[in-house]
Each structure stands twice: as structure tokens, then as C-alpha cells.
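A look at the structure
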Amino acid sequence: MIRKSSKIIILLLLLVLAYGCTNNSGSSKTDSIKGSEGLTIDFLKGNPQERYVVSDVEEPISIILELRNKGSYPDEEDENILGRGSVHISGFDTNIIQIDSLSERVDREFLTGRSSLNPEGGFDDVEFKGTIYPEDLIVDRYEPTILATLCYPYKTKASPSVCIDPFPFDESQDKVCRIGSTKLSSQGAPIAITSIEQEASASKIQFKINIKNSGKGDVIKFDALDKCDPTQGELFARTDFDKIILERASVGFSELRCGPFPDGNGIIRLNNGEGFILCSIDKESYENEKSAYTTPLNLEIKYGYRITETKPIRISKVTTTS
Amino acid sequence: MKHLHKPKLSLTYLLGLVIILSGCTGGSSNKSVTDADINKGTEGIIMQLEKNAPPEKVFEDTTFPIIVSLHNKGTFDVKEESKGYISIGTEKNYVELGEEKELMEFEALGKSIFDQNGELFFLDVTAETKKVGAQSELRASTIFITACYPYKTTLGTSTCVDPDIFQSDKRKKACEVKDLVTNNGQGAPVAITKIETRMVPSDEGGENFARAQFVIHIENKGNGEVLTNEREKIKNACTSNPLGFKDFNKIRITAKLSNEELDCSIDETTEATVTLRDKKTIARCTSLDSIQRNVDAYTAPLKIELDYGYTHTISKDITIEKILKY
């Protein structure tokens, strides 16, 4: 009886172990470029503490933010523009909590994107050191919420296969591909290229490229990134939001002609987090081809992005009997 | 038989473990001394006559005790420069107080984190009845006890200051300007029931500056009357000295935002005093310093203090009986 039950237990254990092993397999290369996050920000546990009890003497305070690059940009070949990003903290009375510097630049060196070699992506810490001054604490309990804001530039790249068919209306041929729509998985960036809708005419092929803000933050015009920092003294305007720059749209060696750009050259506008751009390739670029073929459509967009994180803290005055 | 015992034992052990574990979790409390919230309640000094002191029936030409309990259930310390008065009123033709004075001073410490109940003390006075008269066998009389004391309501809270009046800045904000409703009082008979927070354009510095303004709703939630906080007037309320109607329902208000004094006066010449009507009033306090509109929203400490005098009276009817010989 005992032997039988022992065997069952051993078998169950083996099953559990085997299940665990399958789940712990390493990420494939495909995994490394998925996801809808770029840089992320989080308060390091205990920095700041959830509560401070102060007496008459000054108390040090440390706010440490952990920055992680959970997206795919930049890879080894990319120009790293993350250094234009900045992180700043606010939300508290600066008479009571005095921080040496309320704003810090992002150190691009450590924030490389996820890749097959570095599936976790790069990370860095930003520390804000300061002092709590109890003499300005006129209440027994002061409960501010510390707001950390990270604004950074980012890029989304996608290379979906599209069908180039020089004779789109010829049904008599056997073709390796047909003009149609393609849905894309996420690209390891907060702004995702979600789908490509293809349409062909006798003279050109048109691509409707759909874009969506899949992240949890706000899209900021690339040139307005510095307005994120309140110490710069500039305020955001409504027109500084939901703007994306189309950096590249090409099929093979042929650049696509894209539009409309109501806000200027190359700027795509998002509406309720979604937008699109129409690009086309003229028949001259593929008229020498005899039959349909697939080729990558190389797309690259650039934008600013803003995310925030909050942490409530409590500062209490210690009451003594003296 | 042995096999039957095993499950019983396991069950007993399991139950034991559950009891021990539940005991462990319930035994400790995370609340520290500093966490104690004593600034609540709408009571100040509570005055009560002890049972049978005075008794309902007393005989003529005898002495009887009057014992009053005074319990400071609020947060303000009635002491030293802010001591209170208590007076005992009797019909002098029938009841005379002994050696004790009719007007006495008292001190009573309020609640603190070290004494979360506040100070309680008893006032023991001996009174003496007089003859009820040849034509009567008994006489009804009333004993009044009046307390008059200065008191203070203090509210300390955190409030949101957002100089972006029209919410035109699309920057993310750490806090939102909203009203604060405080139904539980602040440990004083006069309570701040609501604070409306608003940001208004500054008349200095142009459109790029704003000021914080607070509309403070005040209510007398106690059973007594509010007096001006002048020491002499408070004393007069416990004596036969006259008080004018302007001496009642007056509250002096002071407020600070981030350790900066707010302006709560109606105009530059008057002191920041408000008058209760039907036990209620509002005060408007505005920051003197302008805040630049491009400053991020932040949470700032706000402290409001109300200074006033307070008086209330309790009474008890007694019957003085003649000692009949036959």
C-alpha cells in the first residue's frame, strides 16, 4: 500500500518538475521584439520610504527610480537617441522636501533595447537626494504623492512582408502571394504598427499603415520633449501631443510616397490613440517583375513618449513628552 | 483500532495549528503612537453633575454636596493663560454656597497621543439650604452650573495646490484640487465641516500667476454658545457682568499654507473674525504669495486655527423639605 502511494507521489513530483522545465525555456529571438512597452519607470522599494517620522532635526530622503528598457529600440545598429529623455519628480512642497535636483537626464549608455543577447533589456537607476525640513511642517501629518515623470524619445520599427503584384487583376496566373491585409504583432515599443492594408491599382500599390498607442503613456511631439521638464519653464500646448514622425517607409530599395501630413512634413497625427498613413509605390518601381513576389515593407517611426509613476508617502511629526 | 486514532490526532494537531497561527496574526498591531488620530470629535469640555450630588431632595438647614465632573474631550489644553471659569448659581434665599466661591478657575488638559481620553476631574462644593419658611413644607429650587472657557479648533491637512487654473497644461499631475469634507470634527465643539479649494488668478504678476483660496465652512456642533475669545468677556459670561450681542458667535480664524500665513480678513482694516449665524458660517482665506502657473501641482500642508470662547450651562432641580417634627 505504502509503496504504491510513494510511486504516485514520485510520479506527481516528476510531472511537476517536467512542467516547470518547459516553462523555463529561454526566450526566442521572436519574443525579444514583442511587447507594448518602451522605457518603464518604477520606484525602488524603500526609496522613498512609505512613511517618515521626523522630530526637530532634518531627515535625509532618497528617491530612487529604476528605469528599464522593455522595448526593442535601440539595437546595436541604431543611433541611440535616448539621451534626450529626462526624468523629473514633483508633487510635494519644496519647502518641506528639498531635493538637490528635480530633473535628471536619462543615461542612454545603460538603456539598450531587448534583444536575443539581452532578453531583459537594459536598466539604470536615477537617484534624487534631498532633505526633509521639519520646521516647515505645520501639520502633524503631511501626505504628499510623489510623481515621477519620464519623457523619452523612442522608435518603432517593423518589417512586415507585403505582396508586390505587377498584375493584380490577372487571375489566370499562379501567384505566391495576393494583395490583401496583414495584421502585425507588437514590435517592442509603446507605439505599435498594428496592420497594413494593401490596395492595388493598375498604376500603383497603396499601403494603409495603421498605428496605435498600445502603451500606458502619452505620445508627445518629438520636438516638444523638453517641455516635460517643469524646470525649463515651458508649458505643453495641446498641439504637442499625439504626433509621430515617419522616418522611413520603403519597399526594397524604393522609398514610398506617403501622406497626408496635415501637421507638417512626415508628421502623423493620432486621434484617440490611433492613426494611419497612406503610402504608395508607383508601378515603375516593379514593372520589370513578371509575377507577384513578397518583400519586406520597412517602416520606422519616431516619437516622444511620457509615462508617470506615483508613490504616496507620509511624513509624521514625532511627539515627545518633553 | 490504531488506524482509527490517526486521523483524529491529525485533526487535533491541525486545529491546534490553526488556533496558534490565528493567535499570532491577531496579536500585533501596526499602529504606532504617531498614527493615533486624536483630532476628531465635536466635544470640548463635557460637564456633568454626579448622581445624588446634589440630591433631588434635601432638608432645610442642612448641607449637601454638589459634585461636577469636567472632562476635556477635545484637543485644546485649557490651562495657564487659557484657563476656564466655572460658576455655580443658586437661589440665594434658599441655597447658599459654603466657603467656596461662586466663580472658580479651572484647568483641564485636552486629548493628546499620551492621554487619548483627555483630563477628567471633579469639582466638589458644599452647599447649605436655608429655612423654607413657616408657611411651606417644601420648596423647589434650581442649581445652575456654567462653564466659560477659551477653546481652539485646529485642522491640519494636506491640500493640492495646482496653479494651472484652467487645466490647460497637459502635464501629468501629482494631485487634483478638490473639496475636503470633514464630518467627524477636529476635537472641539466648533468644527470645520468643509474646505473648498480653488485656484484664482493673482492680481499681482499678471496672468502667469495664481493664488490658492480656501472657503472654510464652520459650524458650532456643540450644545453651548460661542463667545469672542477675549479673556475678560469669557470671564464675564460666568458672572453677572453684562455681555453685548456682538460678544457672541465671534470666531477668530488664522490659516497657514506651507508655513505662509493666509489672508482671512474681509478687508485690510479688520481682523480675521467671522460671525456664526444659526450656528454656521464660512470664511475665505487666500494665499498672499502668488504661485507661477508653470509650477507643477503639489501637495502642501494646510493648517487652520479657530479661536473662540465657549460657554454652556447645566442645571438640576432640587426640592428642599422642612423637617417635620410630628
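What you are looking at is a predicted structure, and each value in this text was computed from that prediction instead of being measured. (Residues numbered from 1 in each chain as written. Chains lettered and ligands numbered in written order. Predicted model: local features only at pLDDT ≥ 70, side-chain atom pairs only at ≥ 80, totals over all residues. Heavy atoms only, no water.)

1. Focus: the side chain of Asp 307 of chain B
This is how the line gets drawn: Only runs of H or I of at least four residues qualify as helices and only runs of E of at least two qualify as strands under DSSP, and these elements are numbered from the N terminus. Any two residues having at least one pair of non-hydrogen atoms within 4.5 Å are treated as being in contact.
Relative to the elements of secondary structure, Asp 307 of chain B occurs in strand E18 (residues 298–321). In contact with Asp 307 of chain B, other than residues within four places in its own chain, are Tyr 151, Lys 152, Asn 229, Lys 250, Ile 251 and Arg 252 of chain B.

2. Details of the packing of aromatic side chains
Any aromatic ring pair is given by two values, namely how distant the centres are and how the planes are angled relative to each other. What counts, and what does not: The aromatic pairing rule takes the rings of Phe, Tyr and Trp, using the six-membered ring of Trp, and pairs them if the centres are within 6.5 Å, calling planes under 30 degrees apart stacked, those over 60 edge-to-face and the rest tilted. Only protein chains enter the area calculation, which uses a 1.4 Å probe; residues under 20% of their type maximum are buried, those over 50% are exposed, and those in between are partly exposed. For a ring to carry a charge above it, either NZ of a lysine or CZ of an arginine must fall within 6 Å of the ring centroid while also lying within 35 degrees of the normal to the ring plane.
Tallied over the entire structure, the rule returns eleven aromatic pairs over all chains. When the ring of Phe 106 of chain B is compared with that of Tyr 149 of chain B, the centres are 6.3 Å apart and the planes differ by 70°; the resulting orientation is edge-to-face. Pair noted here: Phe 106 of chain B is in strand E6 (residues 103–106) and Tyr 149 of chain B is in strand E8 (residues 138–161), with a separation of 43 residues, a long-range link. Pair check on accessibility: Phe 106 of chain B and Tyr 149 of chain B agree, each one buried. With 6.4 Å between their ring centres and 70° between their planes, Tyr 308 of chain B and Tyr 310 of chain B make a pair best called edge-to-face. Neither Tyr 308 of chain B nor Tyr 310 of chain B differs from the other in exposure class; each is buried. Ring-pair connections join several aromatic residues into one group, and the members of that group are Phe 76, Phe 106, Phe 121, Tyr 149, Tyr 151, Tyr 308 and Tyr 310 of chain B. The ring of Phe 123 of chain A carries Arg 68 of chain A above its face, with NZ or CZ at 4.7 Å from the centroid. Over the face of the ring belonging to Phe 276 of chain A we find Lys 208 of chain A, whose NZ or CZ atom lies 4.6 Å from the ring centre.

3. Some details on the domain arrangement of chain A
Residues and elements named next belong to chain A. Here is the rule: An automatic or database domain assignment is the source of the domain bounds shown. Two parts placed together each lose some accessible area under a 1.4 Å probe, and adding up what both lose gives the buried area. Throughout this description, the term salt bridge denotes a Lys or Arg side-chain nitrogen within 4 Å of a carboxyl oxygen of Asp or Glu. What qualifies as a polar contact is a pair of N or O atoms within 3.5 Å, subject to a donor-acceptor requirement within protein and to the restriction that residues adjacent in sequence count only when both atoms come from side chains. The classification used treats Ala, Val, Leu, Ile, Met, Phe, Trp, Tyr, Cys and Pro as nonpolar, Asp, Glu, Lys and Arg as charged, and all other residues, Gly among them, as polar.
We note that the domain assignment places domain 1 (29–154 + 308–317) and domain 2 (156–304) within chain A. Taking the mean C-alpha position of each, domain 1 and domain 2 sit 33 Å from one another. At the junction of the two partners, domain 1 supplies 20 residues and domain 2 supplies 22 residues. For the pair domain 1 and domain 2, the summed buried surface comes to about 1700 Å²; carbon and sulfur atoms form 52% of the total. Considering only the side of domain 1, the residues that lose the most area to domain 2 are Ser 36, Arg 84 and Tyr 154, jointly responsible for 34% of the buried surface there. Where domain 1 packs against domain 2, one counts three salt bridges. In this structure, the salt-bridge partner of Asp 226 is Arg 105, at a minimum N-O distance of 3.3 Å. There are ten residue pairs in polar contact (both at pLDDT 80 or more) connecting domain 1 and domain 2. Of all the secondary-structure elements, those providing two or more residues to the side of domain 1 that touches domain 2 are strand E6 (103–105) and strand E9 (145–158). With four residues, E9 is the single largest residue contributor to the side of domain 1 that touches domain 2. Looking at the side of domain 1 that touches domain 2, its residues break down into seven nonpolar, seven polar and six charged.

4. Some details on the interface of chain A and chain B
Chain A puts 40 residues into the contact, and the matching count from chain B is 32 residues. Of all residues in chain A, the largest losses of buried area upon contact with chain B belong to Ile 138, Arg 141 and Leu 235 of chain A, amounting jointly to 22% of the total for that side. Taken together, the connections running from chain A to chain B amount to one salt bridge. With its nearest N and O atoms 3.2 Å apart, the salt bridge here joins Asp 218 of chain A to Lys 172 of chain B. At the junction of chain A with chain B, the criterion picks out eight residue pairs in polar contact (both at pLDDT 80 or more). Mapped onto the side of chain A that touches chain B, the elements with two or more residues apiece are strand E2 (51–54), strand E4 (86–90), strand E8 (141–142), E9, strand E20 (293–312) and strand E21 (314–317) of chain A. Split into classes, the residues belonging to the side of chain A that touches chain B amount to 14 nonpolar, eleven polar and 15 charged.

5. Side note on the domain arrangement of chain B
Residue and element names in this part refer to chain B. Assigned domains within chain B: domain 1 (45–150 + 313–321) and domain 2 (151–310). A straight line from the C-alpha centre of domain 1 to that of domain 2 covers 36 Å. Taken residue by residue, the interface counts 18 residues in domain 1 and 13 residues in domain 2. Across the interface of domain 1 and domain 2, roughly 1300 Å² is buried in total on both sides, 61% from carbon and sulfur atoms. Along the contact surface separating domain 1 from domain 2 lie zero salt bridges. At the boundary of domain 1 with domain 2, the tally comes to ten residue pairs in polar contact (both at pLDDT 80 or more). With five residues, E8 is the single largest residue contributor to the side of domain 1 that touches domain 2.

6. A short note on the sheet that holds strand E1 (residues 45–49) of chain B
Residues and elements named next belong to chain B. Going by this rule: Strands pair, by our definition, only if DSSP identifies at least two bridges between them. A fitted line through C-alpha atoms serves as each axis, taken over the contacting stretch for helices, and the angle formed by two N-to-C directions is quoted from 0 to 180°.
Strand order in the open sheet formed by four strands is E1-E3-E7-E5, with antiparallel pairing between adjacent strands. If you trace the sheet from one side to the other, it starts and ends with E1 and strand E5 (95–97), each paired once. Strand-to-strand twist in this sheet, taken as the mean axis angle between neighbours without regard to direction, amounts to 30°. With three bridges connecting them, E5 and strand E7 (residues 120–129) associate as antiparallel partners. Its bridge partner being in E7, Val 95 is matched across the sheet by Thr 129.

7. Some points on the state of the cysteines
What counts is decided by this rule: Any pair of cysteine sulfurs within 2.5 Å is marked as a disulfide.
Taken as a whole and judged by the stated rule, the model has six disulfides over all chains. Two residues, Cys 258 of chain A and Cys 279 of chain A, share a disulfide whose sulfurs are 2.0 Å apart. Of note, the bridge from Cys 258 of chain A to Cys 279 of chain A carries an S-S torsion of about 110° and is right-handed in sense. Of this pair, Cys 258 of chain A sits in strand E17 (residues 257–259) while Cys 279 of chain A is found in strand E19 (residues 274–282), placing the two residues 21 residues apart along the sequence. A residue is classified by how much of its surface remains accessible, and Cys 258 of chain A, at 23% relative accessible area, is partly exposed. Two residues, Cys 264 of chain B and Cys 285 of chain B, share a disulfide whose sulfurs are 2.0 Å apart. Taking the torsion about the S-S bond as the criterion, the Cys 264 of chain B to Cys 285 of chain B disulfide, at about 115°, is right-handed.

8. A few points about the pattern of salt bridges
Residues and elements named next belong to chain B. Applying the stated criterion across every chain yields a total of 28 salt bridges over all chains. Across the pair Asp 247 and Lys 233 runs a salt bridge, and its minimum N-O distance is 3.5 Å. Separated by 14 residues along the polypeptide, Asp 247 in the loop between helix H2 (231–236) and strand E13 (250–257) and Lys 233 in helix H2 bring together distant segments of the chain. Asp 307 is the partner of Arg 252 in a salt bridge, and the nearest nitrogen-oxygen pair spans 3.8 Å. Taken together, the residues Arg 252 in strand E13 and Asp 307 in strand E18 connect sequence positions 55 residues apart. Judged by relative accessible area, which is 12%, Asp 307 ranks as buried. In this structure, a network of salt bridges that share partners links the residues Lys 152, Arg 252, Lys 303, Glu 305 and Asp 307.

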